[in-house]
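Per-entry structural report
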Amino acid sequence: MKVVKFGGSSLADANQIRKVCDIVLSDRERRIVVVSAPGKRFDSDIKVTDMLIELASKKLNNEDYAETLENIVDRYRQIAIGLGLGEDAVEFVKQDLTDRLNSNVDSDAKFIDLMKAAGEDNTAKLVAKYFNFIGEKAVYMNPKDAGMLLSNDYGNARVLKKTYDNLAKLRDMEELVIFPGFFGYSEDGEVVTFSRGGSDVTGSVIAAAVNATVYENFTDVDYVFCANPKVIKDPKPISYFTYEEMRELSYAGFNVLHEETLEPVYRKKIAVNIRNTNNPQSPGTMIVPAERAERVSGENPVVGIAADKGFITVHVEKYMMNREIGFGRRLLTIFEKEGVSYEHAPSGIDSISVIVKERNCPKDKLERITDAIRKELEVDDVVVEHGLAIIMLVGRGMSRTVGIASRATSAIARANVNIRMINQGSSEVSIMFGVHEDDVEKSLIALYDEFFR
Ligand code: ASP
């Protein structure tokens, strides 16, 4: 059995939804369909989820929200008309949104999640209706009835363990199951959403729970490319790579899947196939367990190059640091106390740099952290540098190939870029370079030319 998830652009209008249904029906193993909320139909369009957030905030600020509400209902109305269901088919959407707006929840965070979840929920209902309309046995599955239990971290929920057992019974459903992505319920019965883009996670959790043969994730690209097409013209497509490689690439800015998508399927070794709703003939990109990704010798050891900006380096120096037991732990505890997670911590004998994401470490926290480092660790120097970018060269084969680091550093040097930091992940799936943000594009082009042209 296959679990198949469609992203917002695949549900943006009636035409797209017809493609979705054709894809589902063309393979009878596709038994569970996870849907996002309607996304953008054109560049300047607004996603339904963003419209719902606007609606929620207008209601919370006591502003007039009638027009926003009508615009949302109208998105569904156009879809229903386009599918031939008639406009009465969306009466339930209007009613649902009105009920949500009038519900009595006791915090803003709960209310916002309740509103956000309406996008996927109503889409799933409408898609199920359309399947029935064309004579297919399909049911909308309410995540509450299915047992999609999440932690009560509103807007950033985690999956609770028992969810997997609860969802396993979806395997026995005779009808096609249409499951709304992005949200579930807390143990208290409140609607909770994942962070943005979280329908990917819903699909992955269900695929793991029912032990699917594959998790197909339909979006609007034929493949995952080995570098960002906004920087590199016509980058090479990747036909398959491993979870670990994908994880490293997503970490450094590949936005193909939600960051938490791979964890559930990784544990069950279920392959993920990224495909294009607008070109279902294309086989897409497969993400597979390492043992299924044996590469032929002579193949390019580098599978992808990614880059992300917005890092800060906190560089700490202390003479004889390597002899001081517990220094690293005490240093990282200072970050922990401020709730800042560290990304990397390359070190020398008398120095260590802690690299954090700028967005996780606002100015006030950073000041408290550097003060504490000075006072509690009696260091010789603490220097903070902003504007660091991270470039990841990713590929499992690199660990067995001589000379990759040298080729990479020479390429970056030819682009006249100063490398501020090098770190080879202990897994040897990636080599990381830190460069100044202004040098990212140049470095990416140089690395792409070296390894892919
Ligand atoms: N609709 C939600 C969002 O825009 C979730 C998703 O599409 O995955 O973030």
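All values reported here derive from a predicted model rather than from experimental measurement.

Side note on the site of the ligand
Close contacts around the ligand come from Ser36, Lys47, Thr49, Glu120, Phe182, Arg196, Gly197, Gly198 and Ser199, and that covers them all. Ser36 has a polar side-chain atom sitting 3.2 Å from an oxygen atom of the ligand. Residue Gly198 places a main-chain N or O atom 3.4 Å away from an oxygen atom belonging to the ligand. Starting from 270 Å² of accessible surface for the ligand in isolation, the protein chains cover 92%. Here the shell around the ligand is built from residues that sort into 1 nonpolar, 5 polar and 3 charged.

Notes on the environment of Lys59
Positionally, Lys59 belongs in helix H2 (residues 48-60). Here Lys59 falls in the partly exposed class, since its relative accessible area comes to 28%. Between the C-alpha atoms of Lys59 and Phe111, which are 52 residues apart in sequence, the distance is 9.8 Å.

Topic: the sheet that holds strand S16 (residues 421-424)
Either a parallel or an antiparallel arrangement is found when strands of a sheet pair, and the pairing is made through backbone hydrogen bonds. The 5 strands are arranged S14-S13-S15-S17-S16 in an open sheet whose pairing can be described as antiparallel. The sheet terminates laterally at strand S14 (351-357) and S16, the two strands that pair on one side only. Direction aside, neighbouring strands of the sheet carry axes that sit 35 degrees apart on average. Relative to S14, helix H12 (residues 327-337) is tilted by about 25 degrees, and along the sheet it contacts strand S13 (304-317) and S14. Contacting strand S15 (381-394), S16 and strand S17 (430-436), helix H14 (residues 404-414) runs over the sheet at an angle of about 20 degrees to S17.

Topic: the packing of aromatic side chains
Under the definition given, this model contains 5 aromatic pairs. Aromatic pair Phe6 and Phe218: ring centres 5.0 Å apart, planes at 20 degrees, arrangement stacked. On the criterion of sequence distance, the pair formed by Phe6 in strand S1 (residues 2-6) and Phe218 in strand S7 (residues 214-219) is long-range, its members being 212 residues apart. Side by side, Phe6 and Phe218 carry an identical accessibility label, which is buried. Look at Tyr243 and Tyr266: their rings are 5.4 Å apart centre to centre, the planes differ by 85 degrees, and that puts the pair in the edge-to-face class.

About the criteria used
Residues numbered from 1 in each chain as written. Predicted model: local features only at pLDDT ≥ 70, side-chain atom pairs only at ≥ 80, totals over all residues. Heavy atoms only, no water. Near = heavy atom within 4 Å. Polar contact = N/O pair within 3.5 Å; in protein donor to acceptor, adjacent residues only side chain to side chain. Areas by Shrake-Rupley, 256 points an atom, 1.4 Å probe, with all protein chains shown as cover. Nonpolar A, V, L, I, M, F, W, Y, C, P; charged D, E, K, R; others polar. Helix = DSSP H or I, 4+ residues; strand = E, 2+ residues; numbered from the N terminus. Buried < 20%, exposed > 50% of the residue type's maximum accessible area, 1.4 Å probe, protein only. Pairing = 2+ DSSP bridges. Axes fitted to C-alpha atoms, helices over the stretch in contact; angles between N-to-C directions. Contact = heavy atoms within 4.5 Å. Phe/Tyr/Trp six-rings, centres within 6.5 Å; stacked < 30°, edge-to-face > 60°.

Functional significance is not addressed by these values, which are geometric in nature.
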